[in-house]
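Inside the fold
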Amino acid sequence: MIPSPDNLSTPPQAPKDIFPAVGCFLVFLILIKVFLFYSLIIRYEPDSPRQGQALKIEIRGAPPWSRLACRFKGKTYPFYITPHGTRRALIPIFAEWKPKTYSLEIEESGWLRWRWIDLKIPISDADFPRRKVYLPTAKMALFSHPEASKAREDMLKALATITPTQLWKGTFEMPVQGKVTSPYGYLRQLSRGAPWKSHLGADLGARKGSEVTAANEGVVVLAARLPLQGGVVIINHGQGVLSAYMHMSKILIQENEFIRKGQRIGLVGSEGLSTAPHLHWGLYLWQVPIDPLEWTKHEF
Ligand SMILES: [Zn+2]
């Protein structure tokens, strides 16, 4: 029998039905891969941070819906997105933390995906020197000044300021052109028999009245005269980073003012718990004092 033209034009039906199903399955596999099986690239430095340094953890490959945080010594630290599109967490290593290996846990949660990644971070010993620095009785009396505890509260409140935007740019600059007379971390005994305490910043020796400039950009969260700290300014650089400038004879800026890197903020003095004109320069990361000089050498 000769087929009619109608029969010839009707193609077989089965293959046409398979293609959409295969297509859907492939799309499904691609979505599973995109949402569940992406991989994170974790980099941290330094490999073995010294007491006083900051540990930088950077993660690449995390999709926008992925939430990241890390835990170190019982505290949780957030990851912020950097201008390069990576996620970055900065963790302070305090001078008084024992040099040994600590666990760092990175937690990731996203669309149907939760993971914990464990890293081992060995903290190395900075080997801080010890020095007896006996203060005159009149200076020691400042500890029992009636406004000392209120001043401490004001300082702690200012240092607890957390804002999510990074305001600092590049490396930090020395706020005073002077020699480091007492570095961060060295152990001091302020009177006979008193406990040894770590120096929580870097002392920069300079003539009385020398200019003090902001180490980096930020917003002033405290500008005050306090019994132990003298003229003090605290600048918030964002993301848990704040710098403090103490013992100044004069303050030249006001609270809530935006300050540029290198802008004049005060004059060197010897007010408060100080025996000679100098600037005590402190750097705080998540309220933990770390070594400010490290931030003049490395960009975070
Ligand atoms: Zn100091």
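Below you will find a few notes about this structure. (Residues numbered from 1 in each chain as written. Predicted model: local features only at pLDDT ≥ 70, side-chain atom pairs only at ≥ 80, totals over all residues.)

What follows is about unusual backbone geometry. Residue Pro46 follows Glu45 across a cis peptide bond; omega there is -5 degrees. Locating Pro46 in the fold gives a position in the loop between strand E1 (41-45) and strand E2 (54-60). Here the phi dihedral of Asn256 falls at roughly 75 degrees; this positive angle occurs in a residue that is not glycine. Assignment of secondary structure puts Asn256 in the loop between strand E18 (250-251) and strand E19 (258-259). (Helix = DSSP H or I, 4+ residues; strand = E, 2+ residues; numbered from the N terminus.)

Let's shift gears to the sheet that holds strand E5 (residues 80-81). Judged by pairing direction, the sheet is antiparallel, and its four strands sit side by side in the order E1-E2-E6-E5 without closing on themselves. Lying at the two open borders of the sheet, with one neighbouring strand each, are E1 and E5. Two elements, E1 and E2, share five bridges in a ladder whose sense is antiparallel. When the bridges of E2 are listed, Glu45 appears paired with Lys56. (Pairing = 2+ DSSP bridges.)

This brings us to the sheet that holds strand E12 (residues 197-198). Pairing within the open sheet is mixed, and its three strands lie in the order E9-E11-E12. Bordering the open sheet on either side are strand E9 (130-132) and E12, each of which pairs with just one other strand.

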